[in-house]
Amino acid sequence: MNETIAEPRAAGEESVARTYEVVIVGAGFAGLEAAKRLGRGGVDVLLLDQNNYHQFQPLLYQVATAQIALSTVARPLRSILHRESRHVTIRTAQVAAIDAARKTVTTADGVRYRAEILVIASGAEPNFFDTPGAEDHAYPLYSVDDAARLSSALLGAVERASANQDHSANRKFAVAVVGAGPNGVETAGAIAENIRDVVGKYYSHDFASSCAVHLVDMVDTVLPPFSQASQQYTRDRLEKLGVKVHLGSAVSEVSDTDISLADGTKIDAEIVIWAAGLKASHLLEPAGLTTGRGGRVDVAKDLTAPDCQGVYVLGDAANIVDAKDRKLPQLGSVAKQSGRWAADNIRADLTGRPRREFKFVDMGYMAMIGRGQSVAELTPRRYQVQGMPAFLGWLAVHAVLLSGWQQRAGAVLSWARDYLTTSRPHAVVYRPEAYEIARYARTEHPSAV
């Protein structure tokens, strides 16, 4: 790695700690894949992330619903990158500012790093679309911390509703999931199964029958990216699980006891889960980058940022197009492939070779609905698979995508136990503060606990 030559600094300006060939902001799918590939290629990399672990976001809802352990979806970065440790330096730090023009990154503790090539893979944040009360009362599900907080809140809310049943026959427990995309569908289905199979067994069937799960979205269908046949199959299976589907009306307000829809409907809900969309990290626009839809950067076809030489933007921070100029969805597969492709282009930059335009390999879409029920549309031709074959395929794909053999083994064992016994050994209180808020109906902000 290149040591930084001491340079003068203006008043109030942080000194540069080191200069690296490549600095990567964010250790999500895109940043991690880029770091791996560059490290194996002998490029000196600094990887910055606020967490010391990589989180597997597609399974966060299973942590929240106690299907798998938290350790299944979180693996230490130094464990993942131990073979690349000669060339990849990991720093756990909150990034405070990015200067794309100067290719510098400043952390919250005042340390500034400079890159020859800067990679911004800073991920995304929940997008509440300025809905009144949503940020104050709804639970997002985008990080390990979100999953732990929601899991504890669900346990507290169920406990409170069960206790209230002793003296209030009309008291019911209800959950509303806002957003009918894959994340919302999977979360609603998992909670409905929990109520049917776990709450009924651990508490009482009478109590379980008084619980309700609502799935809400302003669009007129579930799983918008999928075919009409898959959408209808998904809705039918959700309704058989007891999920009440409300489509075609946006959420106009969220309170600590209910949600209001634009058509005047009110839905009682102790727990509101926000799966309605994401926006790019707040770091992008102040970095001097031009942002487009969703606050993301419209990158060039080689994944570089426009008008910023030596800057790549990847994953959920970027609007990436395919060979036909169609914007690609914010999926893990897009992020992982963009990370690997960017690493190859960076090596080309460092050795004077031309970059290549990104070519996405489209493997299709998959979504879990419930035990033994999934939908999949595979390859660009969208071959449709439903039911048990899609369910087994979903399990296999996600097991392979997990980052370590311990995580894979833990997931497979948890899935097998869940399918055969419907037991929930992972139903533990990760966050006592969130549990107490839900258990005793306190009104603190969900993200503040």
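The structure this text deals with has already been given above.
What this report covers is the structure whose coordinates are included nearby. Keep in mind it's a predicted model, so treat the numbers as computed, not measured.

Calculation criteria
- Residues numbered from 1 in each chain as written.
- Predicted model: local features only at pLDDT ≥ 70, side-chain atom pairs only at ≥ 80, totals over all residues.
- Heavy atoms only, no water.
- Buried < 20%, exposed > 50% of the residue type's maximum accessible area, 1.4 Å probe, protein only.
- Helix = DSSP H or I, 4+ residues; strand = E, 2+ residues; numbered from the N terminus.
- Pairing = 2+ DSSP bridges.
- Phe/Tyr/Trp six-rings, centres within 6.5 Å; stacked < 30°, edge-to-face > 60°.
- Patch = residues over 30% accessible without salt bridge, like charges linked within 9 Å, V, L, I, M, F, W, Y side chains within 5 Å.
- Areas by Shrake-Rupley, 256 points an atom, 1.4 Å probe, with all protein chains shown as cover.
- Salt bridge = Lys/Arg side-chain N within 4 Å of Asp/Glu carboxyl O.

### Structural notes on the pairing of strand β7 (residues 104–107)
Line of reasoning, step 1. The two faces of β7 match: Thr104 and Thr106 on one face and Val105 and Thr107 on the other face are all buried.
Line of reasoning, step 2. Strand direction decides the pairing type here: strand β6 (residues 95–99) and β7, joined by four bridges, are antiparallel. Along β7, the bridge assignment pairs Ile98 with Val105.
Line of reasoning, step 3. Turn length for the β6-β7 hairpin, with the two strands adjacent in sequence and antiparallel, is four residues, and the turn residue Lys103 shows positive phi of about 55 degrees.
Line of reasoning, step 4. When β7 meets strand β8 (residues 112–120), the two strands line up antiparallel, connected through three bridges. Across the sheet, Thr106 pairs through a bridge with Arg112, a residue of β8.
Line of reasoning, step 5. Between β7 and β8, which pair antiparallel and follow one another directly, the connecting turn spans four residues, one of which, Gly110, has a positive phi of 90 degrees.

### Digging into the packing of aromatic side chains
Line of reasoning, step 1. Enumeration according to the criterion identifies nine aromatic pairs in this entry.
Line of reasoning, step 2. Their ring planes at 55 degrees and their centres at 6.3 Å tell us that Tyr20 and Tyr113 sit as a pair that is tilted. Of the two residues, Tyr20 is situated in strand β1 (residues 16–25) and Tyr113 in strand β8; the sequence distance between them amounts to 93 residues.
Line of reasoning, step 3. The buried category is assigned to Tyr113, whose relative accessible area is 9%.
Line of reasoning, step 4. Aromatic pair Phe226 and Tyr365: ring centres 5.6 Å apart, planes at 45 degrees, arrangement tilted. Remark: Tyr365 occurs in strand β22 (residues 364–370) and Phe226 occurs in the loop between β12 (212–217) and α9 (228–240); sequence separation between them is 139 residues. Summarising the burial analysis for this pair, Phe226 and Tyr365 share the class buried.

### What about a nonpolar patch on the surface?
Line of reasoning, step 1. Taken together, the side chains of Met388, Leu392, Tyr419 and Leu420 make up a nonpolar region of the molecular surface, amounting to roughly 410 Å² of accessible area.
Line of reasoning, step 2. Those elements giving two or more residues to the nonpolar patch turn out to be α11 (388–401) and α12 (405–421).
Line of reasoning, step 3. Mapped onto the fold, Leu420 is located in helix α12.

### Notes on the pairing of strand β23 (residues 373–378)
Regular strands place side chains that alternate from one sheet face to the opposite one.
Line of reasoning, step 1. With six bridges connecting them, β22 and β23 associate as antiparallel partners. Looking at β23, one finds that Met368 is bridged to Ser374.
Line of reasoning, step 2. Relative to strand β24 (residues 383–386), β23 runs antiparallel, the two sharing four bridges. Paired with Ala376 across the two strands is Val385, which belongs to β24.
Line of reasoning, step 3. Remark: four residues form the turn of the hairpin made by β23 and β24, two consecutive strands paired antiparallel; Thr379 in that turn has positive phi of roughly 65 degrees.

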